[in-house]
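This is what each chain is made of:
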Amino acid sequence: MARTTKAKEARDVRASLALLWGEQDRPTRGPKPSLTPHRIAEAAVALADAEGLEAVSMNKVAGAFDVSAMALYRYVPGKAELVELMVEAVLVERPDLSVAGEGWRPQLTEWARRSWAVHQAHPWLLAATAMRRQAMGPHQLGWLDAALAALEPTGLAPAQRHQVFLLVVGLIRNLAQQLVDFDAEQDQEWNRLTGELLDRHADRFPALTKAVAAGAFAPTDEDPLAFGLDRILDGVQALIDREGPRAD
């Protein structure tokens with residue numbers, strides 16, 4: 001039974017990859033398909049942008065085309081594959097980092113800003129690209145390739161360049177999580193209740209009380225990406241300076 005299940009999962013992954021890469025078998029007979037996986041994914045993206053990823057279902061997406069959910073299964077096997085197609089749809093343009101000029105730092109900064117912009121435009125992308133082994137299409141891999149290409153001039157080892165990429169992605173995902181979780185009304189209530197608690201227990205939490213009083217947690221108009229990204233890239237530069245050019 002276990003061997004059969006593993007074989008089925010392997011077939012499913014291959015089918016997902018074929019769908020993402022446009023390599024799936026196409027029927028040679030019968031009427032011309034009225035839909036495409038790309039059109040279905042675009043409709044799902046619009047739904048997720050408006051109502052969140054949880055609202056996306058084969059039934060709701062089918063409604064955008066006035067067809068039944070069963071009609072969509074001719075093009076997309078299920079919601080998991082649909083979400084993967086949605087990710088491809090919003091990452092359709094590989095970032096052109098040459099506009100940032102020469103040098104690994106401005107180019108990686110440009111990459112990070114563009115990735116952050118996509119996450120701001122599509123908050124559901126955070127959940128859709130959770131840190132797990134998932135099928136990735138050419139657009140998602142194109143973004144990864146662009147980031148690694150920007151890091152090549154650093155002279156760092158390939159594994160180190162990958163770790164730098166993960167640090168930058170982790171920062172962006174952290175900011176995206178804050179964006180998803182933020183609720184102005186709840187935030188105001190949290191601040192009020194926390195302030196009351198600290199007023200009563202300031203002696204137990206002196207550093208926190210001092211930080212709150214100094215406005216450390218107050219809203220700010222500063223770029224949320226800049227501080228963290230600059231600290232990461234400063235650290236990368238320090239690593240480059242310490243290790244020097246790598247001999248291949």
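Residues numbered from 1 in each chain as written. Predicted model: local features only at pLDDT ≥ 70, side-chain atom pairs only at ≥ 80, totals over all residues. Heavy atoms only, no water.

Caption draft 1: Region of interest: unusual backbone geometry. Phi is positive for aspartate 66, which is not a glycine, with a value near 55 degrees. Mapping aspartate 66 onto the fold places it in the loop between helix H3 (58-63) and helix H4 (69-72). Among the residues examined, aspartate 66 registers a relative accessible area of 74% and is labelled exposed. (Helix = DSSP H or I, 4+ residues; strand = E, 2+ residues; numbered from the N terminus. Buried < 20%, exposed > 50% of the residue type's maximum accessible area, 1.4 Å probe, protein only.)

Caption draft 2: The arrangement of the environment of glutamate 51 in detail. With respect to the helices and strands, glutamate 51 occurs in helix H2 (residues 37-51). Given the relative accessible area of 48%, glutamate 51 is considered partly exposed. In this structure the C-alpha to C-alpha distance between glutamate 51 and tryptophan 124, which are 73 residues apart in sequence, comes to 9.4 Å. Within the local environment of glutamate 51, its side chain forms a polar contact with the side chain of lysine 60, the two groups lying 3.1 Å apart. (Polar contact = N/O pair within 3.5 Å; in protein donor to acceptor, adjacent residues only side chain to side chain.)

Caption draft 3: Focus on the pattern of salt bridges. Counted by the stated rule, this structure contains nine salt bridges. For glutamate 196, the salt bridge is made with arginine 192, and the minimal N-O distance between the two is 2.8 Å. A residue pair is termed a helical-turn pair when its members lie 3 or 4 positions apart in one helix, as glutamate 196 and arginine 192 do in helix H10 (residues 184-201) at four residues. A relative accessible area of 40% places arginine 192 in the partly exposed class. What emerges from the salt-bridge pattern is a single network uniting Arg105, Asp230, Arg231 and Asp234. (Salt bridge = Lys/Arg side-chain N within 4 Å of Asp/Glu carboxyl O.)

Caption draft 4: Highlighting the side chain of threonine 129. Within the fold, threonine 129 resides in the loop between helix H7 (125-128) and helix H8 (138-151). You can call threonine 129 buried: its relative accessible area is 13%. Excluding residues within four positions of it along the chain, threonine 129 makes contact with Val87, Gln134, Gln140 and Arg173. (Contact = heavy atoms within 4.5 Å.)

Caption draft 5: Region of interest: the packing of H8 against helix H9 (residues 158-181). Contact pair H8 / H9: the axes reach a minimum separation of 10 Å and the direction vectors enclose 120 degrees. Taken together, the axes of H8 and H9 are oblique relative to one another. Between H8 and H9 lies a crossing of right-handed hand. Contact with H8, carried on its side by Leu144, Ala147, Leu148 and Leu151, involves Arg161, His162, Val164 and Phe165 of H9 and no other residues of that element. When its residues are assigned to classes, the contact of H8 with H9 shows six nonpolar, one polar and one charged. (Axes fitted to C-alpha atoms, helices over the stretch in contact; angles between N-to-C directions. Parallel < 35°, antiparallel > 145°, perpendicular 65-115°, else oblique. Left-handed = near helix turned anticlockwise from the far one by under 90°. Nonpolar A, V, L, I, M, F, W, Y, C, P; charged D, E, K, R; others polar.)

Caption draft 6: Spatial organisation of H8. Between its terminal C-alpha atoms H8 stretches 20 Å, which fits the 20 Å expected from 14 residues at 1.5 Å a residue. What H8 keeps buried is the set Gln140, Gly142, Trp143, Ala146, Ala147, Ala150 and Leu151. Structurally, H8 contributes buried residues whose contacts are with helix H5 (79-90), helix H6 (104-121) and H9. (Expected span 1.5 Å × (residues − 1).)

Caption draft 7: Focus on the packing of aromatic side chains. This structure, assessed with the given rule, holds two aromatic pairs. Summarising the aromatic geometry, the rings of tryptophan 111 and tryptophan 143 are spaced 5.9 Å apart at their centres and angled 70 degrees between planes, so their arrangement reads as edge-to-face. Remark: tryptophan 143 occurs in helix H8 and tryptophan 111 occurs in helix H6; sequence separation between them is 32 residues. Assessed through its relative accessible area of 7%, tryptophan 143 is described here as buried. Aromatic pair tryptophan 111 and phenylalanine 165: ring centres 5.6 Å apart, planes at 65 degrees, arrangement edge-to-face. Of this pair, tryptophan 111 sits in helix H6 while phenylalanine 165 sits in helix H9; the two residues are 54 residues apart in sequence, bridging distant segments of the chain. (Phe/Tyr/Trp six-rings, centres within 6.5 Å; stacked < 30°, edge-to-face > 60°.)

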